[in-house]
Amino acid sequence: EHEKRILKKLADKSQKCILQLKTQLEEAKAALKIDGGTQVKLDTLESKVTELTELNREKDERIGYLEKHKITKQLLETFKQLKADKSRFEREATVYKDRVEELEQQLTSTKSHRQGLRERKDPNHDGNSEEVDKLKDDLQQSNIKLRKYVKHCDLLKQEKESIEDA
């Protein structure tokens, strides 16, 4: 953005110089009609006008290139937010996995402890498996969200690369 403003100022200055040199050229041409000895001055002015016109054209090309390839602050903020979300989802998934493993270990240790005893089939005593099922469901939901996030990140990456290639 700063470079664009600087280039814009340079463009304005070069336009003023071009107009000024064109005016001088016209004056010199008029003076040439009056005085035949100013041909050298006229040629010098014409070469300066040509040089400044070329410089102005290059500046316009540079501005066009910068406009095509700029990454906005909003896009950068979106990338940062996506990275933060990804980290958060990964941490949540790790926590859920650890919790599932812990509950599965508790469940297996409880079953092995009671192996010699006859267990009653009472739905009121089945709280651990419900909690494990809930945690597994939460883990599955987190994995789904994480996969969607990864797909979204890939899409944004491809979009960024296509912008950079253009």
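Quick caveat, the model's predicted, so the values are computed rather than measured.

Within the chain, the regular secondary structure consists of four helices and zero strands. Shown N-terminal to C-terminal, the secondary structure of the chain runs as helices and strands in the order α-α-α-α. Going through the 166 residues of the chain one by one, you find that 19% of them count as buried. Taking contacts inside the chain between residues at least 6 apart in sequence as the whole, the part at least 24 apart equals 82%. Taken as a whole, the chain presents about 13,500 Å² of accessible surface, with 52% of it coming from carbon and sulfur.

Tallied over the entire structure, the rule returns nine salt bridges. Where K136 meets E104, a salt bridge forms, and the shortest distance between an N and an O atom there is 3.7 Å. With K136 in helix α4 (residues 127–165) and E104 in helix α3 (residues 73–113), this residue pair connects regions lying 32 residues apart in the sequence. Judged by relative accessible area, which is 35%, E104 ranks as partly exposed.

Another point: a positive patch on the surface. A surface patch of positive charge is lined by R5, K9, K13, K16 and K73. When residues in the positive patch are grouped by element, the largest group, four residues, is from helix α1 (residues 2–34). Relative to the helices and strands, K13 resides in helix α1. You can call K13 exposed: its relative accessible area is 55%.

Let us look at the confidence of the model for the chain. In this model, the chain carries an average pLDDT of 80, and 81% of its residues clear a pLDDT of 70 or more. Across the chain, α4 holds the top mean pLDDT of 88, while α1 sits lowest at 78. Below a pLDDT of 50 lies the segment residues 117–123, which in the model reaches two contacts outside its immediate sequence neighbourhood of four places, other chains included.

Quick look at the packing of aromatic side chains now. The tally for this structure, following the rule as stated, stands at one aromatic pair. Ring geometry for F89 and Y149: centres 6.3 Å apart, planes at 65 degrees, overall edge-to-face. Highlighted residues: F89 in helix α3 and Y149 in helix α4, separated in sequence by 60 residues. The exposure class of F89 is buried, given its relative accessible area of 14%.

Let's shift gears to the environment of Q15. Here Q15 shows up in helix α1. With 37 residues separating them in the primary sequence, Q15 and L52 have C-alpha atoms 8.3 Å apart.

What follows is about the environment of F89. Along the backbone, F89 and L146 are 57 residues apart, and their C-alpha atoms lie at a distance of 6.1 Å. Residues within four places of F89 in sequence aside, it is in contact with K145, L146 and Y149.

Cut-off values and rules
- Residues numbered from 1 in each chain as written.
- Predicted model: local features only at pLDDT ≥ 70, side-chain atom pairs only at ≥ 80, totals over all residues.
- Heavy atoms only, no water.
- Helix = DSSP H or I, 4+ residues; strand = E, 2+ residues; numbered from the N terminus.
- Buried < 20%, exposed > 50% of the residue type's maximum accessible area, 1.4 Å probe, protein only.
- Contact = heavy atoms within 4.5 Å.
- Areas by Shrake-Rupley, 256 points an atom, 1.4 Å probe, with all protein chains shown as cover.
- Salt bridge = Lys/Arg side-chain N within 4 Å of Asp/Glu carboxyl O.
- Patch = residues over 30% accessible without salt bridge, like charges linked within 9 Å, V, L, I, M, F, W, Y side chains within 5 Å.
- Lys, Arg positive; Asp, Glu negative; His and termini not counted.
- Charge placed at Lys NZ, Arg CZ, Asp CG, Glu CD.
- pLDDT = per-residue confidence, 0-100.
- Phe/Tyr/Trp six-rings, centres within 6.5 Å; stacked < 30°, edge-to-face > 60°.

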